[in-house]
Amino acid sequence: MRVWVDLTNSPHVLVLRPLIEAMRADGHEVEVTARDFAQTLELCERFGIEHTAVGHHRGGGRGGKAVGLVSRSLALTRWARGRGFDVALGHGSNDVSVAAALLGVPSATAFDYEFAVAQHNVNCRLARAVVVPDAIPPERLYRYGARGKLRRYPGLKEEYYLADFEPDEGVLSELSLDRGRLLVVVRTPPDVSLYHRFENPLFGRVLDRLAAGTAQTVVLPRTPTQREEVLRAGSFVVPDHAIDAQSLVAYADLVISAGGTMNREAVALGTPVYTTFEGRLGAVDERLLGEGRLRKLTDPDDIVLERRPAQAALRTRRDPRELVTLLLSATRTS
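These numbers were taken from a predicted model, which means no experiment stands behind them.

Procedures and definitions
- Residues numbered from 1 in each chain as written.
- Predicted model: local features only at pLDDT ≥ 70, side-chain atom pairs only at ≥ 80, totals over all residues.
- Heavy atoms only, no water.
- Helix = DSSP H or I, 4+ residues; strand = E, 2+ residues; numbered from the N terminus.
- Rg over C-alpha atoms; globule rule 2.2 N^0.38 Å.
- Buried < 20%, exposed > 50% of the residue type's maximum accessible area, 1.4 Å probe, protein only.
- Contact = heavy atoms within 4.5 Å.
- Areas by Shrake-Rupley, 256 points an atom, 1.4 Å probe, with all protein chains shown as cover.
- Pairing = 2+ DSSP bridges.
- Salt bridge = Lys/Arg side-chain N within 4 Å of Asp/Glu carboxyl O.
- pLDDT = per-residue confidence, 0-100.
- Core = buried A, V, L, I, M, F, W, Y, C linked by side-chain atoms within 4.5 Å.
- Axes fitted to C-alpha atoms, helices over the stretch in contact; angles between N-to-C directions.
- Left-handed = near helix turned anticlockwise from the far one by under 90°.
- Right-handed = clockwise from strand over helix to strand, strands pointing away.

The secondary structure content of the chain amounts to 13 helices and 12 strands. The C-alpha radius of gyration computed for the chain amounts to 19 Å, which stays within 12% of the reference 20 Å derived for 334 residues, consistent with globular compactness. Counting only C-alpha atoms and orienting by the principal axes, one finds that the chain spans roughly 55 × 40 × 40 Å. Looking at the chain as a whole, 55% of its 334 residues qualify as buried. Long-range pairs, those at least 24 residues apart, make up 64% of the contacts in the chain with a sequence separation of at least 6. When the accessible surface of the chain is split by element, carbon and sulfur atoms take 48% of a total near 14,300 Å².

Take a look at the structure:
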């Protein structure tokens, strides 16, 4: 089978990397396109994912996103025409869903946050298969046109793509971190996302609290602008290139993130984690909060800064081929 995979954001490289490897190992021909946004292209290079760079991010406003969707979808259509793809796959990529529809290629989409309304109104209506965690109640997705298309899986997506992951201490020396000192990892808010369209004052207060303390704090920004702002906020370690963030999370004593993927990576790897996300919580995070595996932070003074237990946390590892099967079900006619 000829499979087209599109990557539009940094986390998608992590999520789809083992799926791409599994499909190729099973004899499928896989071609990858990637958008120049955040560290997407750099992560493709780091993981050795051959790809064609197509398009770039057009900004966080609705107008810019609309222009970006149209222009990149058309560019993808031109690139893919005549390549004979049997199916197109993406993790929340509107662009590949539109391009595949224009070409008459069946597509599948995956996501684990159900309240990105604009995104899902495109993806779910155009895709033949919508792959989501079973934590999301199906009725929350029906308004997007997903009825009859849902392919649900147990657990977290992070438990699938981290199944073969083992942490590498090399990231600590790369960032000149002291293994013997308390380590905090912080992820900035997704401030160019439509589902997070307001300032996050809590996040700034978190940086103030950490800047006043003695912990080693690594801040992982999403954009160059965020990086410059964080550098002005305090004496933090702020990488200027894509790093092995998963190993960093695995060795951290605490993670504080205003996004979603890194929160759930910390949960999957057994690292204590606070969320400062101020948008509407999705069902996956609701479940994790209810289970006590994720903590909601509302006051920086509540942050507990302490070394985590030395013993290794128990991990749930799931077979990424289960996700491959669900995604490729888009080729079925019934």
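Now that the structure has been shown, the text picks up again.
To continue, consider the sheet that holds strand S9 (residues 216–220). Strand order across the open sheet formed by 5 strands is S9-S8-S10-S11-S12, with parallel pairing between neighbours. This sheet does not close on itself; its edge strands, each paired only once, are S9 and strand S12 (295–296). In terms of strand pairing, strand S8 (residues 183–187) meets strand S10 (residues 254–257) through 4 bridges, oriented parallel. When the bridges of S10 are listed, Arg187 appears paired with Ser257.

For the structure shown, the criterion picks out 23 salt bridges. As a salt-bridge pair, Arg72 and Asp95 come within 2.9 Å of each other at their nearest N and O atoms. With Arg72 in helix H3 (residues 62–80) and Asp95 in helix H4 (residues 94–103), this residue pair connects regions lying 23 residues apart in the sequence. The exposure class assigned to Asp95 is buried, which follows from its relative accessible area of 7%. Several salt bridges converge on common partners, so that one network encompasses Asp112, Lys157, Glu158, Arg264 and Asp285.

The subject of this paragraph is the confidence of the model for the chain. Summing up the model confidence of the chain, the mean pLDDT is 91 and the portion of residues at 70 or higher is 92%. Note that pLDDT drops below 50 for residues 194–198; the model gives that stretch 20 contacts with residues more than four away or on any other chain.

On to the nonpolar core, then. Formed by 62 residues in total, the largest nonpolar core has its most connected members in Val5, Leu89 and Leu248. Among the elements that make up this core, the one with the highest residue count is helix H1 (residues 10–25) (8 residues). Sequence-distant contacts of Leu248, defined by excluding residues within four places in its chain, comprise Val171, Leu172, Leu175, Leu177, Leu183, Val185, Val218, Leu220 and Ile243. Within the second largest apolar cluster, 19 residues are counted, among which are Val184, Val186, Phe203 and Val219.

The relative placement of two packed helices is expressed as an angle between their axes plus a distance between the axes. In contact at an axis separation of 9 Å, H4 and helix H5 (residues 117–126) are set at 35 degrees when each is read in the N-to-C sense. Helix-helix and strand crossings are classified by hand; for H4 and H5 the assignment is left-handed. The residues of H5 that touch H4, namely those facing Asn94, Ser97, Val98 and Ala101, are Ala118, Gln119, Val122, Asn123 and Leu126.

Attention shifts here to the pairing of strand S3 (residues 52–56). Inspection of the sheet shows strand S2 (residues 29–36) paired to S3 by 3 bridges, in the parallel sense. Its bridge partner being in S3, Ala34 is matched across the sheet by Ala53. In this fold, S2 hands off to helix H2 (residues 40–46), which returns the chain to S3; that crossover is right-handed.

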